[in-house]
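Here is what each chain is made of, one letter per residue.
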Amino acid sequence: MLRYALIALAALTALAQPAGAADGPIRFGLTAAVVRENLNLYERWADYLGRKVGRPVEFVQRRTYREAIELLRTGEHDFSWVCSFPYAKYRDEKFFGLMAVPVFEGKPLYRAYLIVHKDSPIRTLDELQGRVFAYSEPDSNTGYAVPRQMLFDAGKNPDRFFRQTFFTYSHTETIEAVAEQVADGASVDSYVWEYLARREPRLTADTRIISRSKDFGFPPLVYRSGIDDKLRQRMTEVLLGMDKDPDGKALLDELVLDRFTVASPDLFDGVSLNPERR
Amino acid sequence: MGRIPLSLSIKLPLVLAIVVAAVAATIGVAMVNRDRQHLREELHGRAVLLARTVAAIAPEPVLRGDSWTLYKSLRQSVRGPESAREKALITAMVLDPQGRVLAHLEPAAFPIGLPVMRPDSPEWPRLQAELVARVPDVFEGEGFVEGVAPVQASGYTVGLARVRLSTHELDEQTAAAATTVLILSIGMAVIGIILGAAWSIRMLRPLRLLSRSMLDLGRGVFRPLPESRRDEIGQLAVSFNEMAAEIEDKRRLQSEVAANEKVLALGRIAAGVAHEVNNPLAGMLNCLSTLRAEKNDPALVARYLPLIENGLRKIEALVKDLLIELRVEDAREIADSGCLEDVRDLVNAEIDPHLIEFVWDNRLGSDDVFNGPKMQQILINLLRNAVQAMPDGGRLLCRLRRDGARLVFEVEDTGHGIAERDQSRIFDPFFTSRPAGTGLGLWIVLRLAQSLGGSVEVDSAPGRGAKFRVQIPQEQPRVAQPA
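Residues numbered from 1 in each chain as written. Chains lettered and ligands numbered in written order. Predicted model: local features only at pLDDT ≥ 70, side-chain atom pairs only at ≥ 80, totals over all residues. Heavy atoms only, no water.

Digging into the pairing of strand β7 (residues 132-135) of chain A
All names here are of chain A. Residues V132 and A134 line one face of β7 and the alternating positions F133 and Y135 line the opposite face, and both faces are buried. Bridging between β7 and strand β8 (residues 164-167) involves 4 bridges; their strand directions are parallel. Across the sheet, residue V132 finds its bridge partner in β8, namely Q164. With respect to chirality, the unit in which β7 leads through helix α5 (residues 141-153) into the neighbouring parallel β8 is right-handed. Pairing between β7 and strand β9 (residues 185-189): 2 bridges, direction parallel. Opposite F133, over in β9, you have G185 as the bridge partner. (Buried < 20%, exposed > 50% of the residue type's maximum accessible area, 1.4 Å probe, protein only. Helix = DSSP H or I, 4+ residues; strand = E, 2+ residues; numbered from the N terminus. Pairing = 2+ DSSP bridges. Right-handed = clockwise from strand over helix to strand, strands pointing away.)

If you want it as structure tokens, here you go:
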């Protein structure tokens, strides 16, 4: 009798909670690919996603892409917004899959901006020889691989070209380093630069773009391979449908994105070439 | 200072003001100095503290070559939030042991990886001293202090934190304090002047009263001073009053003595006159009784009448001289030497120019003024005396000149001179060496000269003539005389 009562109670308890609630919130990794300074926006976005998916969503900031990728591999994170470089680098290992790609200025593409201080006399990458250059991080496409590839293509040794280089682990801070003239030049994510130019022009106003790279696939949103299929589908649907929903549209506007779209992994083929040719 | 005549009423407040201002300024300067020392030490402390803060967070990013984190940490630790910001901060930096920039607050001017300065920079020696510092220290420069602290990792020095703070605020505070001291000193000086003035007025009023009373006393008016004060000035007033009373007594005594002497002198003159009149009178009476006894002897009449006439003439001359003396005694008119020309004319008319050569040498100017009637009488008497001393002719010289503040009148003759024994008596009344003389001429000269505040000297020897010199003080010019 008591046993049945206990079973009934357990069943009731299980019924009272939404499916998967016992697993805790969905952990969504964020990296330097996006502007991380506006915490409030990400909180609201997490609320939105949680509401739509039916489970609380938590954005987790990580310093490096590698960290974010590893956490995806170990299963700590269910989803992650990573840079195109680590995506291209690790996609063959199959522990994560492409879920959605943001559409920025009409296309799921972005590029690298080579920037200098607004008062700097420098007009080309070549003139930055012997200067101080700021990188975003070693696993960044636009913030590391692209400028080095450009130097390599120009016949220069990327390892000796600059007097000094340093990593900021954030495109925003890279822009700040150039704006404050700690670095003479830097290569940054065009999305981050444009986002700041619209939302917080204080930093970008002190910088000047001297060249734009070719287009690359926009840093994608990926899912952990071991994740529940339904959750993945639900999350994908929610993301893809954001531009049709007023709340979602408002958030997209704040993110300076048009919408999210599905794309073929081929979109990132151009990226994957970079590290191999270094 | 001592030679410039300054009234006590100015000196006293001035001295008080100077003393007060000097004391205030001295104390003020000492305080400003101490204050500045204190502020400087505090600034040193702040500079070292900031340098140590930077040095404490620097090792990790320095070792990792993480220039961006190092820059951000530097910025954060020296700038911090607005409220806690060091206002005196000029700049801050982290250098490597060779003096190259690892991070600098002014990255544009001091790029990372380059030496912070060239070896020819004037600050180079100080930088070298700072680079070998093994403990936090403070270095002073022009307008700033520099706190330095070595960046150490595992006992090795991997860099140097350098924080420069401006001494501008310090200088401003010192200037403000100095201004306060200056204003305070001036204020104190003003108070000193006011107090000194009040004090000197209080102190000098009785002194001025005393000085006025003394002046009055000199003029013969005695005004006793109030003896209300109990201090030294009060004692002075008491002493002054006592002295003034004594002087008054003495003066009264003196005037009484003088009055007595005048009476005595009058008596002597009267006796002299009586004696001088009595002599011819006795002769004349004798003649008259002889004539009365020998009425019918015409020879006697012819012999005695001239004798009687001589006697009467002598009495007449005596009376005339006395009258002249009385008349001139009260004369007051002020005149210049022009009035003496009359005297010259008179003497010229009386002498025989064939016998006596009369030289008149007047060197007085129109500003040289004196009591005219008295001086006329003095000269007439002296000149007549001189003429009578030369019955056989000679040279008569009258010289009028000025000697400093005195007027000198000299009458010189080439007559028979004055015997040595007579020289002390010639000014006595009724002394004469001539049978027809009254003996009053020179006595009158002396009296008149003395009444003018002057003196008479005589220089003579028998057979070598005589020289009389009258010296009188210059009178006030006519313009200054009351109308």
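Quick notes on the sheet that holds strand β4 (residues 96-103) of chain A
Residues and elements named next belong to chain A. Strand order in the open sheet formed by 6 strands is β2-β1-β3-β12-β4-β13, and the pairing between neighbours is mixed. For this open sheet the edge positions go to β2 (57-61) and β13 (259-261), each flanked by a neighbour on one side alone. Neighbour-to-neighbour, the strand axes of this sheet turn through a mean angle of 25°, independent of strand direction. Of the strand pairs in this sheet, strand β1 (residues 26-30) and strand β3 (residues 79-81) are connected by 3 bridges, and their pairing is parallel. (Axes fitted to C-alpha atoms, helices over the stretch in contact; angles between N-to-C directions.)

What to know about the sheet that holds strand β5 (residues 156-166) of chain B
All names here are of chain B. Here 5 strands make up an open sheet; going across it, the order is β2-β1-β5-β4-β3 and the pairing antiparallel. In the strand order of this sheet, the two ends are held by β2 (101-104) and β3 (137-141), each with one partner. The sheet shows a mean angle of 25° between the axes of neighbouring strands, taken without regard to direction. In the sheet, β3 pairs with strand β4 (residues 144-153) via 5 bridges, with the strands oriented antiparallel.

Some thoughts on the packing of aromatic side chains
Residue and element names in this part refer to chain A. All chains considered together, the criterion is met by 30 aromatic pairs over all chains. Measuring from centroid to centroid gives 5.7 Å for Y87 and F96, while their planes differ by 55°, and the two rings are tilted. Ring geometry for F161 against F162: centres 5.0 Å apart, planes inclined by 80°, an arrangement best described as edge-to-face. Owing to a relative accessible area of 4%, F161 belongs among the buried residues under this scheme. (Phe/Tyr/Trp six-rings, centres within 6.5 Å; stacked < 30°, edge-to-face > 60°.)

Concerning the confidence of the model for chain B
The pLDDT averaged across chain B works out to 85; a share of 96% of its residues lies at or above 70. Interface scoring of the predicted complex returns ipTM 0.82; its pTM is 0.61. (pLDDT = per-residue confidence, 0-100.)

Here's the deal with the packing of helix α1 (residues 8-57) of chain B against helix α3 (residues 67-78) of chain B
Residues and elements named next belong to chain B. Two elements in contact, α1 and α3, have axes whose closest approach is 10 Å; the angle formed by their N-to-C orientations is 150°. If you check the angle between α1 and α3, you find them roughly antiparallel. You can see that α1 and α3 cross each other, and the crossing is right-handed. When α1 is examined against α3, the residues L50, T53, V54 and I57 are found in contact with a partner set consisting of S73, L74, S77 and V78. When the residues that make up the contact of α1 with α3 are grouped by side-chain class, the tally is 5 nonpolar, 3 polar and no charged. (Parallel < 35°, antiparallel > 145°, perpendicular 65-115°, else oblique. Left-handed = near helix turned anticlockwise from the far one by under 90°. Contact = heavy atoms within 4.5 Å. Nonpolar A, V, L, I, M, F, W, Y, C, P; charged D, E, K, R; others polar.)

Focus: the interface of chain A and chain B
In this complex, chain A contributes 13 residues to the contact, which on the side of chain B involves 13 residues. Summing the contributions of chain A and of chain B, the shared interface buries around 1200 Å²; its carbon and sulfur component is 52%. On inspection of chain A and its partner chain B, the count reaches 3 salt bridges. A salt bridge links R75 of chain B to E176 of chain A, with the nearest nitrogen and oxygen atoms 2.9 Å apart. If you look at where chain A meets chain B, you find 7 residue pairs in polar contact (both at pLDDT 80 or more). Every element with two or more residues in the side of chain A that touches chain B is listed here: β8 and α6 (171-179) of chain A. In terms of residue class, the side of chain A that touches chain B is made up of 5 nonpolar, 3 polar and 5 charged. (Buried area = accessible area lost by both parts, 1.4 Å probe. Salt bridge = Lys/Arg side-chain N within 4 Å of Asp/Glu carboxyl O. Polar contact = N/O pair within 3.5 Å; in protein donor to acceptor, adjacent residues only side chain to side chain.)

Brief notes about the nonpolar core
Residues F28, W45, L49, Y191, M235 and L239 of chain A are the most contacted members of the largest nonpolar core, which totals 112 residues. It is helix α2 (residues 39-53) of chain A that provides the largest number of residues to this core, a total of 7 residues. What L49 of chain A contacts, discounting residues up to four positions off in sequence, is F28, G54, V57, F59, M235, V238 and L239 of chain A. Of all hydrophobic cores here, the second largest spans 48 residues; its members include V347, I380, L452 and V456 of chain B. (Core = buried A, V, L, I, M, F, W, Y, C linked by side-chain atoms within 4.5 Å.)

Considering helix α10 (residues 441-451) of chain B
Residue and element names in this part refer to chain B. Along α10, the residues that are buried comprise L442, W443, I444, V445, L448 and A449. Summarising the contacts, the buried residues of α10 are in contact with α6 (232-293), α7 (298-329), α9 (372-388), β11 (455-460) and β12 (466-473). Of the residues trailing α10, G453 is marked for its positive phi of about 80°.

Some remarks on unusual backbone geometry
Located in the positive-phi region is K94 of chain A, a residue other than glycine, with phi close to 65°. A positive phi angle, close to 70°, is found at F430 of chain B, a residue other than glycine. Note that F430 of chain B resides in the loop between β10 (406-413) and α10.

Describing the environment of G147 of chain B
Residues and elements named next belong to chain B. Within the fold, G147 resides in strand β4. Note on G147: relative accessible area 0%, which makes it buried. Along the chain, G147 and R52 lie 95 residues apart, while their C-alpha atoms are 8.4 Å from each other. In this structure, G147 is in contact with A47, V48, A51, D137, A161, R162 and V163, ignoring residues within four places of it in sequence.

Describing the pattern of salt bridges
Residues and elements named next belong to chain B. Inspection of every chain in the model, using the stated rule, returns 55 salt bridges over all chains. When the shortest N-O distance is used, the salt bridge between R126 and E123 registers 3.2 Å. The exposure class assigned to E123 is partly exposed, which follows from its relative accessible area of 22%. Through salt bridges with shared partners, a single ionic network connects D361, R363, R399, R401, E410, E457 and R469.

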